[in-house]
Amino acid sequence: MQPIIYDVAVSADGFICGANADISRFPHDGPVVDDYRARLASYGTALMGRETYVFGYAYGLPPGANPYPHMRAVVVSKSIDLPKDAAVEVLSDLTEIQKIKAEAVKPIYLCGGGRLAGSMLRKGLVDQVVLKRAPILLGKGVPLWEQGAPINRATLFDHHDYGGGLTLQRYQL
């Protein structure tokens, strides 16, 4: 059974993007991004919520396309409308997550968003959290976890300081 790893950039005040899905203040290059790309190669399945998937449309992702072609891509949504020949799978709820974990041959990348991550955390489906902490304050936007997600005991097992307040923290839940 492969772990589900919530690997996400987060502001110092706990947001994964600012208002209007603004990610412009997060780093887009440098060692933290290089390390993220290396981690991406280690994942075999990408899980994402509807808003995270649709976010890609603004960057040229056509509806139904797989944003991570080297991975199985799964969108969790009750309302997304995709072409019949979509390269992504759609789950309407979390009941199939254990099956996905059992079938996976590599770790599973939970790439967002906060609503899906919070729902999965409440159900005990998140195994690790990788936070790329940026020294920015956004004030509003999409929170790391939706409200009401329980605070589980987390064990920090890796930490890297990139300098300038930018850090990577890895937690086992």
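See the structure printed just above.
Definitions and cut-offs
The numbering scheme is per chain: residues are counted from 1 as the chain's sequence reads. In keeping with the predicted nature of the model, local features appear solely for residues at pLDDT of at least 70, side-chain atom pairs appear and are counted solely at 80 or more, and the whole-chain, interface and lining totals rest on all residues. Note that the side-chain values use all heavy atoms of the structure and ignore hydrogens as well as water. Labels follow the DSSP assignment, with helices taken as runs of H or I lasting at least four residues and strands as runs of E lasting at least two, numbered in each case from the N terminus. When a residue's accessible area, from a 1.4 Å probe over protein chains only, is under 20% of the maximum for its type it is buried; when over 50% it is exposed; and in between it is partly exposed. Contact criterion: two residues are considered in contact whenever any of their non-hydrogen atoms come within 4.5 Å of each other. By convention in these notes, a salt bridge is any Lys or Arg side-chain nitrogen within 4 Å of a carboxyl oxygen on Asp or Glu. What the arc describes is the spread of directions from the helix axis to the C-beta atoms.

Considering the arrangement of structural elements, one finds L166 in strand β10 (residues 166-172). Among the residues examined, L166 registers a relative accessible area of 13% and is labelled buried. Those residues in contact with L166 that lie beyond four places of it in its chain are P27, V32, R133, A134, P135, H160 and D161.

Attention now moves to the pattern of salt bridges. Tallied over the entire structure, the rule returns 8 salt bridges. One salt bridge connects K132 with D7, and the closest N-O pair in it is separated by 2.7 Å. In this pair, K132 is assigned in strand β7 (residues 128-134) and D7 in strand β1 (residues 4-11), connecting sequence segments 125 residues apart. The two residues K132 and D7 agree in class, both being buried. Overlapping salt bridges, with partners in common, bring together R72, E89, K99 and E103 in one network.

Turning our attention to helix α1 (residues 31-40). Taken residue by residue, α1 has V32, V33, Y36, R39 and L40 as its buried positions. Each buried residue of α1 lies within a common arc of 115 degrees when the element is viewed along its axis, so the set occupies one face. For α1, exposure combined with an orientation more than 90 degrees from the buried face picks out P31, R37 and A38. Contacts made by the buried residues of α1 are with β1, β6 (108-110), β7, β9 (155-163) and β10.

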